[in-house]
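An overview of the molecular structure
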Amino acid sequence: MNKVSKSPWLLHYDASSCNGCDIEVLDCLTPKYDIERFGIINTGDPFQADILLITGGVNSQTESVVKQIYSQMPEPKVVVAVGICACTGGVFKECYNIRGGIDTVIPVDVYVPGCAARPESIIDGVVKALEILDEKQAEHKKNGGGAHGISK
Amino acid sequence: MAYQSEIKETAMADFFPAVVKMKTDQWRLVQICAVSVEGGYEMSYSFCKDYEMVTLRLNVAEEEEIASITQIYPCAFLQENEAAQLFGVKIVNIRPDYRDRLYRIDETAPFKTKE
Amino acid sequence: MAKRSIVPFGPQHPVLPEPVHLDLVLEDETVVGAVPSIGYIHRGLEKLVEKRDFKQYVYIAERVCGICSCGHGLGYCESVEQVMGIEVPDRAKFLRVIWMEMSRVHSHLLWLGLLADAMGFESLFMESWRLREKILDMFDETTGGRIIHSVNCVGGVQKDMDSTMLNGILEAVKDLEKEMRPVADTFLEDYTVQSRLKGVGVLSRERAIELGAVGPMLRASGEEYDARLLGYAAYPNLTVEPVTSKDGDSYARCEVRIKELFQSFDLIREAIGKIPEGDISVPVKGNPSGEFFMRIEQPRGEAVYYVKGSGKKFLERFRLRTPTTSNIPPMVETLKGCQLADVPLLILTIDPCVSCTER
């Protein structure tokens, strides 16, 4: 990837994680890693977000919330599963209240492994997500969607 | 300082007076723990004063009702609701009673039986 | 007459990284009641003791929470060791203290950052988290992990520190202490910070005990109780003086945590000065049989670990009562009578850890 074609906004949601990945996601925003220098902003609003970062396995309580957040995001959108729990369920896979990875509920584009996922790999995952976002944007335009993700 | 932790087996009739005494002597409620045993539950109520800890142990039959201690220790409500929902212990008059909606889970009393 | 209304707070809220929900009963702008409702990230991991043997379960215990991870591993191992009557080598005890105190520093800095963020003091938030990175780097160097360390095991610790690492920690602590001073001064003396914290959410000593408060919440109300004095790990060989404050307001809770930071720096230095040579773990034979209630002092307060074994590889029951579970009733108490605008700040002053609470 040579250039970043847009300044993507992130949305972070904790589906049922142990906090470890969540504080690492927050860590990415603080002076040492500082992903804001790429023009990336952590927003709390799904309607303005391009990339959804999800941590933790899904349980029956958060399932509807995850689905709702995903449906509120405008097209094109990319989902990044952060941490091994979000990828497969991780150590909590056999707990009675854990359904498994995020992909059991919504489609996932990038899987970031690790327990807890390190800030470096989270940034890598986000950069990967940017490429996918570009591809989806091109696809979206070809199919007659508007330039800013608003369907005609 | 040696590790003080005493477990006192308590009969149902003596339990409430014992808790009231703890309260008047200004003991702090530390924790409430339920354990599933053959044909019922083992309830442990731990109290702490300075560095000393005393645990009152109550053996409860499966269908036996026990009264909530929230009238004496209002802060017990979270842990009593938890024991009631996850273990199915019949605790009556919890204030506030979440009626098995403390944790939003699909299973009923998942800790009741062992796998 | 004042108008009564109910305002839902959470589960997703800008000051909280974790989901928790409160129904606030308001009379105009004043809160008169609050009903907490939890359960968004309940996993049911206490039940996993039936599927993982007691040695493997350390890894699950450490993942109860990503912030208090080191302490949960320590508490679980200490309680199993008490049941089995295992005496851990001295060097392992000191290593446990060093890692535990480092984890307290990281947790308190994290909390200070979140507090500053809740007040809208962005630069102070960034500064606290920048300082926290120094401790995370030391964790990375000594354990290989930034957040989850997996150093504790039943019978001791899994990794040793050589003298380069110990000196590295001393250097980091020295730097950190120097850089922490101006940050601590800002928290304790800045006019804007004081106006948000002083006199807000007062909890008296009597009410704190009655409602079962623990940790900095209890000590800020003037009660001298620090579970480190119970004498687990190497704490009996070190100087631990409970840090207390009198006022019981949000400012006092902030003051206690800041003083504990400096206390942890001293404890790390003292432990590194006194650490003996020797083995770091003993072999573990047999299975646990019996029960034990173990109390340890986590950054957020006293945590209780209960282990019950019946001579089998799998434990009968593991129970964890986390500091936040105990601090929710006092929090609800401090909310009554406060202004709606202070609610996020007051929730934060107990240092809530939801994933610990719900397990």
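Before reading on, note that the structure itself is shown above.
Structure report, in brief. (Residues numbered from 1 in each chain as written. Chains lettered and ligands numbered in written order. Predicted model: local features only at pLDDT ≥ 70, side-chain atom pairs only at ≥ 80, totals over all residues. Heavy atoms only, no water.)

**Comments concerning the interface of chain A and chain B**
Residue-level contacts link five residues of chain A with seven residues of chain B. With both sides pooled, the region where chain A packs onto chain B buries about 530 Å², and carbon together with sulfur makes up 46% of that total. When the area that chain A buries against chain B is broken down by residue, the three leading residues are S60(A), Q61(A) and Y96(A), summing to 84%. Viewed at the interface, chain B and chain A are joined by zero salt bridges. Each residue belonging to the side of chain A that touches chain B can be placed in one class, and the counts come to one nonpolar, three polar and one charged. (Contact = heavy atoms within 4.5 Å. Buried area = accessible area lost by both parts, 1.4 Å probe. Salt bridge = Lys/Arg side-chain N within 4 Å of Asp/Glu carboxyl O. Nonpolar A, V, L, I, M, F, W, Y, C, P; charged D, E, K, R; others polar.)

**Remarks on the side chain of H106(C)**
Structurally, the position occupied by H106(C) is in helix α3 (residues 90-118). With residues near it in sequence (within four places) discarded, H106(C) still touches I23(A), I67(C), R132(C), I135(C) and L136(C). (Helix = DSSP H or I, 4+ residues; strand = E, 2+ residues; numbered from the N terminus.)

**Section: the nonpolar core**
In terms of nonpolar packing, the biggest core is built from 129 residues, with Y76(C), I98(C) and M180(C) touching the most fellow members. In terms of residue count, the dominant contributor to this core is α3(C) (17 residues). Every residue in contact with Y76(C), bar those within four places of it in the chain, is listed here: F54(C), Y57(C), V58(C), A61(C), Y305(C), V307(C), L315(C) and F318(C). Listed in part, the 75 residues of the second largest apolar core include L58(B), A213(C), L230(C) and L346(C). (Core = buried A, V, L, I, M, F, W, Y, C linked by side-chain atoms within 4.5 Å. Buried < 20%, exposed > 50% of the residue type's maximum accessible area, 1.4 Å probe, protein only.)

**Topic: the sheet that holds strand β1 (residues 4-9) of chain C**
Strand pairing within a sheet occurs via backbone hydrogen bonds; the two strands may be parallel or antiparallel. Residues and elements named next belong to chain C. One open sheet holds the three strands; their spatial order is β1-β2-β3, and the pairing between them is antiparallel. Only two strands of the sheet have a single neighbouring strand rather than two, namely β1 and β3 (30-37). Put simply, the sheet's adjacent strands are angled 20° from each other on average, direction ignored. Inspection of the sheet shows β1 paired to strand β2 (residues 21-27) by six bridges, in the antiparallel sense. The residue of β2 that forms the bridge with I6 is V25. Against the sheet, helix α10 (residues 323-335) makes contact with β2 and β3, and its axis sits at roughly 160° relative to β3, the strand it touches most. (Pairing = 2+ DSSP bridges. Axes fitted to C-alpha atoms, helices over the stretch in contact; angles between N-to-C directions.)

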